[in-house]
Structures are given as structure tokens and as C-alpha cells.
Amino acid sequence: MLDRFLLQGPEDARFTILLAHGAGAPMDSASMTATAKALADADFRVARFEFAYMAARRSGIRKPPPRAETLNPEYEAAIAALGAKGPLIIGGKSMGGRVASMIADDLHDKGKIAGLLCLGYPFHPPGQPDKLRTGHLKQLTTPALICQGTRDEFGTRDEVPGYDLSERIEILWLEDGDHDLKPRKIISGFSATDHLATMAKAAKAWAARLPI
């Protein structure tokens, strides 16, 4: 059993980033591990955690992902347990970022977080572009950065510009990236490592502009 948080990056970092996992993979998946390393290498303090249904799988209890909004209290509890001393950015991979986005404004209004970082936001279920998950993003007041692969089946570069999104949301497009931000190098000329480094560099520049 892993500790509640996986921590890496400098302890004296200006910003801490709390990341939740996606619906189907744990906090120590290859994708989450590579993402956390890239952000830690960019001088963020990175903390990863798991929702209870995913943690239960480590004990052999196979539970399906619950509705995203039911995880809001768990995310808020993780923030409280982490007790970050400096400015905190919340977010995560896919569903984890979606959950963070649903609690962001209340926390930002209370001065508890500085921003929102979503990695592969699930704008809609794959193959169901009419079932948008963007209603709460129209009026989002929290500064947000969404890092999205251009061929992400949960929201491509052709689709997302047509959505009604808050002006507080910035989007970093990663060429030929999939839902894990991974490109096909033979097509794009970029590797997954290249894209994660670009993501981390953009996150660092974005965080430096946050009003704290």
C-alpha cells in the first residue's frame, strides 16, 4: 500500500501542484509518473493522490469509477490533508482534472488555491461529441491551464475551439498528442518526453503569471 501522497520536486518550491489520476489508472501509472517528473524537473513540488475507489483496487477490491461529481469531497479532503504551505495549484489527469475543475472556483474565492492545471481534459466521452462536460467551464473564474493533445479523442483541436469556455482558461495544444499527451514521433517529430517537457515549461510560465 502506498502512502496517501506521492511527493517529489523541491521542498522549497514556490508552487505545489496536487494531481489526481484519471478514471482507469492509478496515481503511480507510467503516464502520471512521467508527468509528475516533468513538473518536478520544472521546480514544482508535486503531490499525487488516489481516490478511494482506486486505492481499494490495491487490496483486490475492484470498483468502477463513480460519477465524477461525487468525488468532489474526496479532492477537498486531499487538499486539507496535504496542507501545502505556499501557493497551491490543483488539477490532474483527465477525470482528476475534471473533478478539480468542479471545486476550483469555491476554493479560489476562499484563497485556498492559486490555479487549476488539467492534463487531457475529458471535454466529452470518446465518440460522443454531443455529450459535453463543459457547462461549469463557461463561467470559471479560476486561472486555468489545460494541456491537450491535438488528437485527444476526449476533445480534439478541431472541436474545442468551438466550445463556450471562460476567458480564464488557457489551452496548450501538443501536436499529435493523444489523451496521455503522447504523439506519434514518426508523424509529429516529437516524443512523449518532448511534449511533457513542453507542458512543464508552459506550466511554469503560466504559474509565474498567477496573481498570488
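Residues numbered from 1 in each chain as written. Predicted model: local features only at pLDDT ≥ 70, side-chain atom pairs only at ≥ 80, totals over all residues. Heavy atoms only, no water.

1. A few points about the layout of surface pockets
Worth spelling out the cut-off: A pocket, in this scheme, is an open set of points on a 1 Å grid over the protein atoms alone with protein on both sides within 12 Å along at least 5 of 7 lines, while a cavity is a set where a 1.4 Å probe fits but cannot get out; residues line either one if an atom lies within 4 Å of a point. Grid points are joined across faces, edges and corners, and a volume is the space filled by probe spheres set on the points. Throughout this entry, Asp, Glu, Lys and Arg are counted as charged residues, while Ala, Val, Leu, Ile, Met, Phe, Trp, Tyr, Cys and Pro are counted as nonpolar. The remaining residues, Gly among them, count as polar.
As a volume, the largest pocket reaches approximately 250 Å³. Class assignment of the residues belonging to the lining of the largest pocket gives a composition of 4 nonpolar, 3 polar and 4 charged.

2. Quick notes on the pairing of strand β2 (residues 16-20)
The following threshold applies: In this scheme, a residue with accessible area under 20% of its type's maximum is buried, one over 50% is exposed, and one in between is partly exposed, where area comes from a 1.4 Å probe on protein chains only. The helix count covers DSSP runs of H or I at least four residues long, the strand count covers runs of E at least two residues long, and both are numbered beginning at the N terminus. If DSSP finds at least two bridges between two strands, the strands pair. We call a crossover right-handed when, viewed with the strands running away from us, the connection from the first strand over the helix to the second turns clockwise.
Along β2, 5 of the 5 residues are buried, which leaves the element largely enclosed by surrounding structure. Of the two faces of β2, the one holding Thr-16, Leu-18 and Ala-20 and the one holding Ile-17 and Leu-19 are both buried throughout. One ladder, built from 5 bridges, connects β2 with strand β3 (residues 45-49); its direction is parallel. Bridge assignment links Leu-18 to a residue of β3, and that residue is Ala-47. In this view, the connection linking β2 to its parallel neighbour β3 by way of helix α1 (residues 30-41) has right-handed handedness.

3. Re helix α4 (residues 95-109)
The line we're drawing: One less than the residue count of a helix, multiplied by 1.5 Å, gives the span that helix is expected to have. The contact criterion used is simple: two residues touch if any of their non-hydrogen atoms lie within 4.5 Å.
With 15 residues, α4 extends 23 Å from end C-alpha to end C-alpha; this agrees with the ideal 21 Å at 1.5 Å per step. Elements in contact with the buried residues of α4: β2, α2 (52-57), α3 (72-82), β4 (88-93) and β5 (115-119). After α4 finishes, the residue Gly-111 shows a positive phi value of roughly 75°.

4. Looking at the UniProt feature "domain: KANL3/Tex30 alpha/beta hydrolase-like" (unreviewed entry) in the protein
Going by this rule: UniProt positions are given in the numbering used here, feature names are shortened, and annotations may be inferred rather than shown by experiment.
The feature "domain: KANL3/Tex30 alpha/beta hydrolase-like" (unreviewed entry), as given by UniProt, occupies residues 15-207 in the numbering adopted here. With 33% helix and 17% strand, residues 15-207 has its two end C-alpha atoms placed 8 Å apart.

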